[in-house]
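Spelled out, the chains give:
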Amino acid sequence: MQTLIGHPLLALFAIIASGYLLGSVKIKEISLGTSGVLFTALLFGHLGASIPKEFSQLGVLFFVYGIGIGAGPRFIRAFKERGLSYALVALLTIVLGALVTLLVATFFGLKAPLSVGLFAGALTSTPGLAAALQVIDDGRVSVAYGVAYPFGVIGVVLFVQLFPKLMGLNLVEVAKSVEGENKQPPVQNAWFTVANPSLDGKKLDDVNLIHRLEAVVTRVIKQSGIVPALDDVILQHGDTLRAVGREEDLKLLEELVGPRSDSFEEPESSIATKTIVVSEEGVAGKTLLELQLRTCYGVTVTRLWRDDFLTVPGGAMTLELGDTIRIVGNESSLEQVTKLVGRDEQRLNETPFLPLATSLLLGVAVGLVPITISPSLTFRLGMAGGPLFVALLVGHVGRLGPLRFRVPVAARLFIKELGLVLFLAGAGCKAGSSLVAVLKANGLSLLISGLLITTLPLLGGFILAFKVLKIDLPSSLGLMCGAMTSTPGLGATTDAAKSDIPALAYATVYPVALISVTIAAQLLALFLN
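Engineer: Honestly, the overall build of the protein in this entry has me stumped. Any pointers?
Structural biologist: Tallying secondary structure elements over the protein gives 21 helices and 13 strands in all. Buried residues in the protein amount to 51% of all 529 residues. In the form shown here, the protein has an accessible surface area of approximately 24000 Å², with 61% of it arising from carbon and sulfur atoms.

As structure tokens, this is what we get:
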């Protein structure tokens, strides 16, 4: 046992293995998950184990980068779609948490390390803990975090499960109603007979309204047979156009072209469809207009899937590695485009290390830049905030010149999970040496404080979302899980609602909450120190 505790690498992997074992234990469908590593690290630290601080610092860097690079592609788009109301809920929740922390710190006479640790633990924010440790290098921060964390996990889970029932609302029924209102219209096929006299004799490319619609003409059926929908195809009265799009655009196309049919029997032809994955660097970052697939190959792109989102692409749409596209054309043309766009899918599993190292370097540099609020108050984003900010930015941009920043999903999840366990193992070991002394001196006050810091911001944020901003119930609950950075809470919400609506709200607000709690933890540490 002494050999195990005394050897850093043996101790590290023993902490990780036992932590995952503890985290897998479920009580009423609630488990600690990866956070079990923190609690086994506290025990090992109490017994005398020590983990080099460089492991913990590297862990923070990997963890927040993995979060940011994954959230980046959705971050800006979500703000454009949903406005600032979601961000307002997250900010209010974090501000309330900070204010309650100041109040309980004053009332119970808690020192800065304990107060800031309670704040991060009650909001279940590991980046908040990492940010606090950048300012206060004190093991009591992690001890307080460990005391408050269970309240943060259980409190959010119980809230999202019980509060709808207390309000007399059926969460499943409400979610179904919201899905019906917000459901994206499906993409479908339709056939149109050219009956508009003004189109007779015109090239397909000359019909400007067609190009302005989010519908794609995929083939033209003439008396002589089926031809690809190339720009120079001459339309004639009686031709049949096959198009792909959403109902609204298909109705407009019908007004322009002529009568519509949804069950036209096409004659046999050499025109076929193929679904391929974009995996060639040469086309990534280029628009469909730049690639000129219709002009050069006689192929039309009819659908594009990215991040599980389906769209009918226009010429301005940019292709990225990992996109899935459906193309229409003759067999030989489809094979040529496949070679151009997506022959080698193995590349999708390769992690580009130059962009990864470059963005991590930039993140560390940004984290070290001092930010002065007043002559007496200066802070840094640190190893938690700096890499997170840069990861969100490059995740949104996707590429910069030859640098492709997006990381394969499996690699991103591995980086995030590895970073998290390294950080929790290091932080927990350091805290374990003072665990018993802190609990003896402040045990009851820490428990009460953690409960208040979890409950009051949760209630305040939910009232703002549901009552004031009139956000639907499933989204409001998802927002609160994101604002409290509670993944277990999100799992409980989506399970109770039988819907992905809470997850969409969670994904929108989660990056805002992470950045806010990271900055708030450092400001609290500086203010209370």
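Following the structure, the description resumes.
Engineer: What is the right way to read the environment of Leu 362 from this model?
Structural biologist: Inspection of the secondary structure puts Leu 362 in helix H15 (residues 353-368). A residue is classified by how much of its surface remains accessible, and Leu 362, at 45% relative accessible area, is partly exposed. Each C-alpha atom of the pair Leu 362 and Val 390 lies 7.1 Å from the other, and the pair is 28 residues apart in sequence.

Engineer: Teacher, can you tell me more about the pattern of salt bridges here?
Structural biologist: It is possible for side chains of opposite charge to pair when their charged atoms get near one another. Across all of its chains, the model carries three salt bridges by this definition. Between Asp 239 and Lys 222 there is a salt bridge, and its shortest N-O distance comes to 2.6 Å. Remark: Lys 222 occurs in strand E2 (residues 215-222) and Asp 239 occurs in the loop between strand E3 (225-228) and strand E4 (240-245); sequence separation between them is 17 residues. Ionic pairing is found between Glu 247 and Arg 260, a salt bridge with its closest N-O pair at 3.0 Å. In this pair, Glu 247 is assigned in helix H11 (residues 247-257) and Arg 260 in strand E5 (residues 260-261), connecting sequence segments 13 residues apart. For Glu 247, a relative accessible area of 27% gives the class partly exposed.

Engineer: How should I be thinking about a nonpolar patch on the surface in this particular structure?
Structural biologist: Judged by side-chain polarity, Leu 444, Leu 447, Ile 448, Leu 452, Leu 456, Leu 459, Ile 463 and Val 468 come together as a nonpolar surface patch covering roughly 670 Å² of accessible area. Structurally, Val 468 can be placed in helix H18 (residues 435-468).

Engineer: Is there a simple way to explain the nonpolar core in this structure?
Structural biologist: One recurring pattern in soluble globular proteins: nonpolar side chains tend to sit buried together. Among the nonpolar cores identified, the biggest contains 90 residues, and Ile 15, Phe 119, Leu 123, Phe 423 and Leu 479 are the most heavily contacted of them. Once residues lying within four places of it in the same chain are set aside, the contact partners of Leu 123 are Ile 94, Ile 453, Met 484, Thr 485 and Val 517.

Engineer: Hey, could you run me through the sheet that holds strand E1 (residues 188-193) in this one?
Structural biologist: Neighbouring strands of a sheet are bound in pairs by backbone hydrogen bonds; such pairs are parallel or else antiparallel. Strand order in the open sheet formed by five strands is E3-E2-E4-E1-E5, and the pairing between neighbours is antiparallel. Edge positions in the open sheet fall to E3 and E5, since each of these has one partner strand only. With four bridges joining them, E2 and E3 adopt antiparallel strand pairing. Residue Lys 222 lies in a different strand from E3, and its bridge partner there is Gly 225. The sheet strands contacting H11 are E1, E2, E4 and E5, and the helix crosses E1 at an angle near 5 degrees.

Engineer: How should the packing of aromatic side chains be read in this particular structure?
Structural biologist: Two measures describe an aromatic ring pair: the distance that separates the ring centres and the angle between the ring planes. Following the criterion strictly, the structure yields five aromatic pairs and no others. Ring geometry for Phe 107 and Phe 108: centres 5.0 Å apart, planes at 90 degrees, overall edge-to-face. For Phe 107, a relative accessible area of 67% puts it in the exposed group. Relative accessible area serves as the criterion here: at 28%, Phe 108 is assigned to the partly exposed category. Taking the centre distance of 4.7 Å and the plane angle of 25 degrees together, the rings of Phe 159 and Phe 163 count as stacked. Taken together, the positions of Phe 159 and Phe 163, both in helix H8 (residues 139-166) and four residues apart, correspond to about one turn of that helix. Overall, Phe 163 belongs to the partly exposed group, its relative accessible area being 23%. Three or more aromatic residues link up through ring pairs in this structure, and these residues are Phe 159, Phe 163, Phe 462 and Phe 466.

Engineer: Teacher, can you tell me more about unusual backbone geometry here?
Structural biologist: A negative phi holds for most residues other than glycine; trans holds for most peptide bonds. Notably, Lys 470 is not glycine yet its phi reads approximately 60 degrees, a positive angle. By secondary structure assignment, the location of Lys 470 is in the loop between H18 and helix H19 (473-483). For Lys 470, a relative accessible area of 62% translates into the label exposed.

Engineer: What am I meant to see in the pairing of strand E9 (residues 324-330) here?
Structural biologist: Sheet faces and side chains relate simply in a regular strand, where the side chains alternate between the two faces. Across seven bridges, strand E6 (residues 271-277) lies against E9 in antiparallel orientation. When the sheet's bridge partners are listed, Val 277 is paired in E9 with Thr 324.

Engineer: Just checking my understanding: could you explain H15 for this structure?
Structural biologist: Three- or four-residue spacings in an α-helix give side chains the same orientation, since the helix completes a turn every 3.6 residues. With 16 residues, H15 extends 23 Å between its outermost C-alpha atoms, agreeing within 8% with the 22 Å of an ideal straight helix rising 1.5 Å per residue. Regarding H15, the residues found buried are Pro 355, Leu 356, Ser 359, Leu 360, Gly 363 and Gly 367. Viewed along the axis of H15, the buried residues span an arc of 130 degrees, placing them on a single side of the element. Every exposed residue of H15 that faces more than 90 degrees away from the buried side is listed here: Leu 354, Leu 361 and Leu 368.

Engineer: Sorry, what's going on with the packing of helix H5 (residues 85-108) against H19 here?
Structural biologist: Helix-helix packing: each pair is described by the crossing angle between the helix axes and the interaxial distance. Between H5 and H19, whose axes approach to 9 Å, the crossing angle comes to 50 degrees. As far as their axial angle goes, H19 and H5 are oblique. For the pair H5 and H19, the crossing hand works out as right-handed. Contacts between H5 and H19 involve Tyr 86, Val 89, Ala 90, Thr 93 and Ile 94 from the first element and Ser 475, Leu 479, Met 480 and Ala 483 from the second.

Reading the values: rules and limits
Residues numbered from 1 in each chain as written. Predicted model: local features only at pLDDT ≥ 70, side-chain atom pairs only at ≥ 80, totals over all residues. Heavy atoms only, no water. Helix = DSSP H or I, 4+ residues; strand = E, 2+ residues; numbered from the N terminus. Buried < 20%, exposed > 50% of the residue type's maximum accessible area, 1.4 Å probe, protein only. Areas by Shrake-Rupley, 256 points an atom, 1.4 Å probe, with all protein chains shown as cover. Salt bridge = Lys/Arg side-chain N within 4 Å of Asp/Glu carboxyl O. Patch = residues over 30% accessible without salt bridge, like charges linked within 9 Å, V, L, I, M, F, W, Y side chains within 5 Å. Core = buried A, V, L, I, M, F, W, Y, C linked by side-chain atoms within 4.5 Å. Contact = heavy atoms within 4.5 Å. Pairing = 2+ DSSP bridges. Axes fitted to C-alpha atoms, helices over the stretch in contact; angles between N-to-C directions. Phe/Tyr/Trp six-rings, centres within 6.5 Å; stacked < 30°, edge-to-face > 60°. Expected span 1.5 Å × (residues − 1). Arc of directions from axis to C-beta. Parallel < 35°, antiparallel > 145°, perpendicular 65-115°, else oblique. Left-handed = near helix turned anticlockwise from the far one by under 90°.

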